[in-house]
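Below are the chains, spelled out letter by letter.
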Amino acid sequence: MFSYSFSAARAAAAFALAAGLLTGSQAFAAPPALNPGWKLCKSTNPDERIAGCTQVIAEIAKEPKKNQLAAYVNRAGAYQAKGDYAHAIEDYGKALEVEASAVVLFARGAAEHAKGDLDAAIADYGKAIEKDKKNAAAFLARASAWRVKGEVDKALADIEEALKLDKKSPAPLAARANYYHAKGDHDHAIADYSEALKRDPKLVAALIGRGGCYYAKAEYDKALADFDAAVKADAKNAIALLDRANAWRAKKDFERAKADYEAALAVKPDLAAAKKGADDMGKIIAKKATGAAPTDAAPAGAEHEHN
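If you're wondering where the values come from, they're calculated on a predicted model, not measured in any experiment. (Residues numbered from 1 in each chain as written. Predicted model: local features only at pLDDT ≥ 70, side-chain atom pairs only at ≥ 80, totals over all residues. Heavy atoms only, no water.)

Visitor: When you look at the overall build of the protein chain in this model, what are you seeing that I'm missing?
Guide: Across its full length, the protein chain holds 16 helices and 0 strands. The burial tally for the protein chain puts 50% of its 307 residues in the buried class. Here the contacts in the protein chain between residues at least 6 apart in sequence split such that 53% fall between residues at least 24 apart. Accessible surface, the protein chain as shown: approximately 14,300 Å² in total, 54% of it carbon and sulfur. (Helix = DSSP H or I, 4+ residues; strand = E, 2+ residues; numbered from the N terminus. Buried < 20%, exposed > 50% of the residue type's maximum accessible area, 1.4 Å probe, protein only. Contact = heavy atoms within 4.5 Å. Areas by Shrake-Rupley, 256 points an atom, 1.4 Å probe, with all protein chains shown as cover.)

Below, the structure is given as structure tokens:
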């Protein structure tokens, strides 16, 4: 079955990274300061960073404007990395009181996006775009939010804007390919995935997406080639393993299918499609051992995460 899903936490981190605001291991730089909390406020450890920035914020009035902005943004990024989006959004709001920056608006939009508040995210992405009309990442982020809301035409319009602005990154091409893939327009999707892969040959999401299109077209050898490349690029990608299993199954290679279903389960034990596939293959292989001719039908479509 074709899966059209959105991983908000991953998207939030990616979007913030693209904007230059980092929600995980890195932090805003700050000018030299006397407060000893700054040592931890720039830590790569989120808990340490929260503690250090909180110490700085306790005496925030003593800091110059740039330091104030950095303290709030660094703590917000640490909260966001921990999945505490409410506190992240609050701190980004404090940072915006210091300076109405497009980058901070974008980062708050990413936190709202991850929290599931799509309307607020779209509003902040829009404000970021108003301040920086060349922010391709903001257009892509807003496109993703529109897509989750079912506003596919608005999503495509934002993707097209990102494509005009960014001629090097594979992200806009992959996003448009996802749009076509969801519509069932596999030929257009394949073309865009292929262009994205020229920019980044190891882009796993594009390999899985293109493989899914080939699978839908019953071009199983091409699908296998893409799923295999995805697994080689990311051996722990459960979706790539599941899709490769389905392709082997479609080709009636039940032993290889079973091995891939089991590998997918080893990575993600709660993956129901892999559990069912492994069980199905076990029954078919047992039936073959008795000399009976097995009957089977592979899933109609591949799994595909649009994140």
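Visitor: Sorry, what's going on with unusual backbone geometry here?
Guide: Excluding glycine, residues mostly have negative phi values, and the peptide bonds linking residues are mostly trans. In this model, Ala 218 sits at a positive phi of 65°, which is unusual for a non-glycine residue. Positionally, Ala 218 belongs in the loop between α12 (204–216) and α13 (220–233). Even without being a glycine, Lys 252 presents a positive backbone phi close to 65°.

Visitor: Got a minute to help me understand the state of the cysteines in this structure?
Guide: A complete count under the given rule lists 1 disulfide for this structure. With a sulfur-sulfur separation of 2.0 Å, Cys 41 is cross-linked through a disulfide to Cys 53. Torsion about the S-S bond of the Cys 41 and Cys 53 cystine: about 95°, corresponding to right-handed handedness. Of this pair, Cys 41 sits in helix α2 (residues 38–41) while Cys 53 sits in helix α3 (residues 46–57), placing them 12 residues apart in sequence. Judged by its relative accessible area of 0%, Cys 41 falls in the buried class. (Disulfide = S-S within 2.5 Å.)

Visitor: Looking at this structure, how should I read the pattern of salt bridges?
Guide: Pairing between side chains of opposite charge can happen when their charged atoms approach one another. By the definition in use, this model includes 26 salt bridges. Residue Asp 91 is joined to Arg 75 by a salt bridge in which the shortest nitrogen-to-oxygen separation is 2.6 Å. Placement of Asp 91 in helix α5 (residues 85–98) and of Arg 75 in helix α4 (residues 65–81) is noted, with a sequence separation of 16 residues between them. A relative accessible area of 3% places Asp 91 in the buried class. (Salt bridge = Lys/Arg side-chain N within 4 Å of Asp/Glu carboxyl O.)

Visitor: Can you walk me through the environment of Ala 266 in this structure?
Guide: You can see Ala 266 is positioned in helix α15 (residues 254–267). For Ala 266, a relative accessible area of 64% translates into the label exposed. Remark: the alpha-carbon pair of Ala 266 and Ala 238, spanning 28 residues in sequence, is separated by 8.5 Å.

Visitor: I'm lost on the nonpolar core in this one. Help?
Guide: The nonpolar side chains of a soluble globular protein tend to be buried, and buried together. Membership of the largest hydrophobic core comes to 50 residues, with the highest contact counts inside it found for Tyr 92, Val 104 and Phe 106. Among the elements that make up this core, the one with the highest residue count is helix α8 (residues 136–148) (9 residues). (Core = buried A, V, L, I, M, F, W, Y, C linked by side-chain atoms within 4.5 Å.)

Visitor: It is not clear to me how helix α16 (residues 272–289) should be interpreted in this structure. Could you clarify?
Guide: A turn of α-helix holds 3.6 residues, and therefore any two residues three or four places apart point the same way. In a regular helix each residue adds 1.5 Å, so 18 residues correspond to 26 Å; α16 covers 26 Å between its end C-alpha atoms and thus fits that length. Among the structural elements, α14 (238–250) and α15 are those in contact with the buried residues of α16. Phi turns positive, to about 95°, at Gly 291, one or two residues after α16. (Expected span 1.5 Å × (residues − 1).)

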